[in-house]
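# Results of the structural survey
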Amino acid sequence: GAGVSQTPSNKVTEKGKYVELRCDPISGHTALYWYRQSLGQGPEFLIYFQGTGAADDSGLPNDRFFAVRPEGSVSTLKIQRTERGDSAVYLCASSPTGAHEQYFGPGTRLTVT
Amino acid sequence: SQQGEEDPQALSIQEGENATMNCSYKTSINNLQWYRQNSGRGLVHLILIRSNEREKHSGRLRVTLDTSKKSSSLLITASRAADTASYFCATERGSNYKLTFGKGTLLTVNP
């Protein structure tokens, strides 16, 4: 079946602009996660959804970052007033209820110039 | 913040040899997972070992966990060129399933 998909695959934006990154999880997966990965590092947790609600948003670095999952399926990560330090690969993962292993999408590479 | 630290940072071996990667972590965990990442994009789950388990096998993979030393190792036997990738350990603690990853080991298997 279809895996986790993320759009766009690459996004280049200017400093100060607003961006939206989209994640389509595997159908039926209730848990959805966002991670951010900088070059040479492992992924860092941003936010976790269980259904429509954010169960843990402790990894969001500041209030410029916000994520939604209004219908419990697709999620959008929104970044306001982007900064060059936001440049990274943003990874989305999903998993079925109660499962511990996560299924990752290919990521969106965000470059802020 | 990163919980785990993989060792070595990079490993280069010949096809057919075994590859061993180590991971250390700092706090108590529910489970530890290993993931593979090709070309810096999506990660693929390889194996999960629970905190009450000491060893687990899956195909050519063998994982050990020593909770007293807060460390784990991943052994890939009879390596293939297709095993070339970055390998990350990730720990899960608490009740919300989020993962804390290490910095990874870059494995290169030369044909």
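Everything below is about the structure printed above this text.
In this report, we go over the structure that sits alongside the text. Note that the coordinates shown come from a computational prediction; the quantities given were computed from them, not determined experimentally.

In this section: the interface of chain B and chain A. Chain B puts 22 residues into the contact, and the matching count from chain A is 27 residues. Approximately 1,900 Å² of surface area, both sides summed, lies buried where chain B meets chain A, with 48% of it carried by carbon and sulfur atoms. When the area that chain B buries against chain A is broken down by residue, the three leading residues are Arg41(B), Tyr97(B) and Lys98(B), summing to 34%. For the pair chain B and chain A, the number of links is 1 salt bridge. Two residues, Lys98(B) and Asp56(A), come together in a salt bridge whose shortest N-O distance is 3.4 Å. Viewed at the interface, chain A and chain B are joined by 9 residue pairs in polar contact (both at pLDDT 80 or more). Sorting the residues of the side of chain B that touches chain A by element identifies strand 4 (31–37), strand 5 (43–50), strand 9 (85–92) and strand 10 (99–101) of chain B as the ones contributing at least two each.

The tally for this structure, following the rule as stated, stands at 2 disulfides over all chains. Disulfide pairing is shown between Cys23(A) and Cys92(A); the S-S distance is 1.8 Å. Because the torsion about its S-S bond is -65°, the bridge between Cys23(A) and Cys92(A) counts as left-handed. One end of the pair, Cys23(A), is in strand 3 (residues 19–24); the other, Cys92(A), is in strand 9 (residues 88–95), with 69 residues separating them in the sequence. Covalent S-S linkage joins Cys23(B) and Cys89(B), the inter-sulfur distance amounting to 2.0 Å. In this structure the cystine formed by Cys23(B) and Cys89(B) twists about its S-S bond by roughly 65°; its chirality is therefore right-handed.

Residue and element names in this part refer to chain A. Summarising the element assignment, arginine 64 is placed in the loop between strand 6 (53–56) and strand 7 (65–68). Accessibility expressed as a relative area gives 6% for arginine 64, which makes it buried. A polar side-chain atom of arginine 64 sits 2.8 Å from a polar atom in the side chain of aspartate 86. If we ignore the near neighbours within four places in the chain, the residues touching arginine 64 are Lys78, Ile79, Gln80, Arg81, Thr82, Glu83 and Asp86.

Scoring rules and cut-offs
- Residues numbered from 1 in each chain as written.
- Chains lettered and ligands numbered in written order.
- Predicted model: local features only at pLDDT ≥ 70, side-chain atom pairs only at ≥ 80, totals over all residues.
- Heavy atoms only, no water.
- Contact = heavy atoms within 4.5 Å.
- Buried area = accessible area lost by both parts, 1.4 Å probe.
- Salt bridge = Lys/Arg side-chain N within 4 Å of Asp/Glu carboxyl O.
- Polar contact = N/O pair within 3.5 Å; in protein donor to acceptor, adjacent residues only side chain to side chain.
- Helix = DSSP H or I, 4+ residues; strand = E, 2+ residues; numbered from the N terminus.
- Disulfide = S-S within 2.5 Å.
- Buried < 20%, exposed > 50% of the residue type's maximum accessible area, 1.4 Å probe, protein only.

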